[in-house]
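Structural features, examined
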Amino acid sequence: MSARKIDSCFSYIRKSFENCADFNARNLSFSDGKIAYLLNIGSYTDRDYISETIILPLLKFGRAPADRQELFGIISSSEFSLTPDADTAITQLLSGFAILLCENTVGDFYIFSSQVKMVASRSVSEPSGELVIRGPREGFVESSEDNLALLRKRLKTANFKAERLVCGSIYGTTVYICYIENIANADTVSRVKNKIENMPLPAIINSGYIEHYLQKSPSSLFTNAGSSEKPDVVSAKLLEGRVAVICDGSPSVLTVPYLFIEALQSPEDYLKTEYYATFMRCLRFLGAIIALYLPAIYLSTVEHHSSVLPYKIYKAFITLRQDVPFDVFGEFIVILLIFELIREVSIRMPKAVGSAVSIVAGLTLGDAAISANLASAPVIMASALSAMCTFIVPPLMNSIVLLRFVNLLLADFLGFPGVILSACFILANLSRTESFGVPCLLPFAPIRIKGLKDSLFVKPLSAINSPQSSLYPKGDD
């Protein structure tokens, strides 16, 4: 290729970045009359690294390299490779690479790329959504490379694999599919990779986009993918045979297959005695039941089946709400909606004042509602306890909030039969839900002996047959 063609290639790339103030281009002239162009996006590339590894070695060499091999011997960058064409060079520029258009002694020119990305990222810190008293405090950040390094630090084995994909039909986003070879199911890895590669999206902004497409059925009540911001949690799941998905720009790492029982587990369970850990898991399960059914059970009891209550308790309930103008169903709907509004306000407000606003609003509105006879104390207590227990199982929080209103509606029309009907519907939905071929209710339905050792009941770590996962048993059940 002639010098005219190198200028044409440079003009083509530069035109693609027209009106981009952070696009940098430098012309390098050699003593033999040959030229080179160095291109980069200045806003997130390391300028010092570019100067030390590319510009200074070329200037010291003084003349155009005779061929590719000679140029590879000149450049000291650790990630320096040949790029096939100008369009690929544009994509690499947008991914944090520096592009070198360099003539050789016979008049041809080559396009080379070097990874020089330097993106401002927050330091590794404890994730606010998964606080622990004991155990590691590290949390994932928004950089996919940093997140992969946090996993690699814990899984020092060549069997830990990380396949890199670039997703998005217009704007490429780096996604890593991580698994441990010989433990993870090969078919699951292939299915995850195929689903991510075929996502019809122009760009992937957050791991939530990927989670939506990993769902077998978007209408499912519960998610088919787990999510965590803690490297130790994801590492443990990888050792159990799961596949992790790291999305650049998101501090949450997805894991599949996902089981319902994972919502009741905590990484601290393995740092406590088996008896206390089992007690806490059962308490979380009870909390989930309270969050889901307490308002519906109260409504059914008071409105439809008051005979099951002792007379003195029933009389107290009636006395407390005799001046309330709403029925019990209306009370619950209003109180629960107010609580959801307070929760949303506390989340959207600045952290310094959000918690204070939610506390003041809760106390003021609750006391004012009782004083104004707009709600009875038992209804407010049941609503508050139910809402509080919602947070004991964060992965199920969104589903519980919606299902609680459905349960109230069924309880208002049918009483206890409505509550039972709701429970049967939820169990049926969970029973038919699968996550990449694995039943969501595993190890309870179907029963897996290995899995039961780490379900609601916690056995000592020596009794759990890790690292071989119970997700895909081999003749043990």
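Heads up: the structure comes first, above all this text.
Our subject in this report is the structure included herewith. Everything numeric here is computed off the predicted structure, so don't read it as measured data.

A closer look at the overall build of the chain
Within the chain, the regular secondary structure consists of 16 helices and twelve strands. A burial count over the chain gives 44% of its 477 residues as buried. When contacts within the chain are restricted to residue pairs at least 6 apart in sequence, those whose partners lie at least 24 apart make up 65%.

Topic: the pairing of strand β1 (residues 23-29)
Pairing analysis gives seven bridges linking β1 to strand β2 (residues 35-41), with the strands arranged antiparallel. Paired with N24 across the strands is N40, a residue of β2.

Things to note about helix α9 (residues 274-303)
Helix length check: α9, at 30 residues, gives a terminal C-alpha distance of 42 Å against a target of 44 Å (1.5 Å per residue), a fit within 8%. Bending of α9 peaks at approximately 55 degrees at the position of Y293, with proline P295 no more than four residues after it.

A few points about the packing of helix α13 (residues 377-390) against helix α14 (residues 397-414)
Where α13 contacts α14, the two axes come as close as 9 Å, and the packing angle between them is 155 degrees. By the criterion of interaxial angle, the relationship of α13 to α14 is roughly antiparallel. Contacts between α13 and α14 involve S386, A387 and T390 on the former and, on the latter, M397, I400, V401 and R404. Counted by class, the contact of α13 with α14 contains four nonpolar, two polar and one charged residues.

With respect to the pairing of strand β9 (residues 243-247)
Counting buried positions along β9 yields five of five residues, so the element is predominantly enclosed. Here β9 shows a buried face lined by V243, V245 and C247 and a second buried face lined by A244 and I246. The sheet contact formed by strand β7 (residues 173-180) and β9 spans four bridges and is antiparallel. The residue of β9 that forms the bridge with I177 is V245. Counted along the chain from β9 to the antiparallel partner strand β10 (residues 253-256), the turn is five residues long, and its residue G249 has a positive phi close to 95 degrees.

A short note on unusual backbone geometry
The omega torsion across V256 and P257 is -5 degrees, close enough to zero to call that bond cis. Relative to the assigned elements, P257 resides in the loop between β10 and α9. Each neighbour pair has its own omega, and for L442 with P443 the value is 5 degrees, a cis peptide bond. Following the sequence through the fold, P443 ends up in the loop between β12 (438-439) and α16 (449-452). Phi angles above zero are rare outside glycine, and N19 is one such case at about 70 degrees. Here N19 lies in the loop between α1 (3-16) and β1. Despite not being glycine, N182 has its phi angle at roughly 75 degrees, a positive value. With respect to the element layout, N182 can be found in the loop between β7 and α6 (186-197).

Description of the packing of aromatic side chains
Applying the stated criterion across every chain, the model contains six aromatic pairs. Summarising the aromatic geometry, the rings of Y276 and F279 are spaced 6.2 Å apart at their centres and angled 40 degrees between planes, so their arrangement reads as tilted. Of this pair, Y276 and F279 both sit in helix α9, three residues apart, which is roughly one turn of the helix.

Topic: the sheet that holds strand β5 (residues 109-115)
Think of a sheet as strands paired side by side through backbone hydrogen bonds, with each pair either parallel or antiparallel. Strand order across the open sheet formed by five strands is β1-β2-β4-β5-β3, with antiparallel pairing between neighbours. Looking at the sheet topology across the chains shown, the edges are occupied by β1 and β3 (80-82). Averaged over all pairs of adjacent strands, the angle between strand axes in this sheet comes to 20 degrees, irrespective of strand direction. The pairing of β2 with strand β4 (residues 97-103) spans four bridges and is antiparallel. Opposite Y37, over in β4, you have L101 as the bridge partner. Contacts between helix α2 (residues 47-61) and the sheet are confined to β1, β2, β4 and β5, with β1 contributing the most and set at about 20 degrees to the helix. Each of β1, β2, β4 and β5 is contacted by helix α4 (residues 86-94), which is oriented at about 145 degrees to β4, the strand it contacts most.

Overview of the nonpolar core
Of all hydrophobic cores here, the largest spans 41 residues; its most connected members are Y298, L299, V328, F332, L396, I426 and L430. Breaking this core down by element, the ones donating at least two residues are α9, α11 (328-348), α13, α14 and α15 (416-432). Here this core takes eight residues from α9, the largest share from any one element. Sequence-distant contacts of L396, defined by excluding residues within four places in its chain, comprise F222, F260 and A263.

A look at the sheet that holds strand β6 (residues 160-167)
Taken in spatial order, the five strands of this open sheet run β6-β7-β9-β10-β8, and their pairing is antiparallel. In the strand order of this sheet, the two ends are held by β6 and β8 (226-228), each with one partner. Strand-to-strand twist in this sheet, taken as the mean axis angle between neighbours without regard to direction, amounts to 25 degrees. Relative to the sheet, α6 contacts β6, β7, β9 and β10, its axis offset from that of β6 by approximately 15 degrees. Sheet contacts for helix α8 (residues 231-239): β6, β7, β8, β9 and β10; angle to β7, the most-contacted strand, approximately 50 degrees.

So, how was this worked out
Residues numbered from 1 in each chain as written. Predicted model: local features only at pLDDT ≥ 70, side-chain atom pairs only at ≥ 80, totals over all residues. Heavy atoms only, no water. Helix = DSSP H or I, 4+ residues; strand = E, 2+ residues; numbered from the N terminus. Buried < 20%, exposed > 50% of the residue type's maximum accessible area, 1.4 Å probe, protein only. Contact = heavy atoms within 4.5 Å. Pairing = 2+ DSSP bridges. Expected span 1.5 Å × (residues − 1). Bend = angle between axes of the 7 residues up to and from the residue. Axes fitted to C-alpha atoms, helices over the stretch in contact; angles between N-to-C directions. Parallel < 35°, antiparallel > 145°, perpendicular 65-115°, else oblique. Nonpolar A, V, L, I, M, F, W, Y, C, P; charged D, E, K, R; others polar. Phe/Tyr/Trp six-rings, centres within 6.5 Å; stacked < 30°, edge-to-face > 60°. Core = buried A, V, L, I, M, F, W, Y, C linked by side-chain atoms within 4.5 Å.

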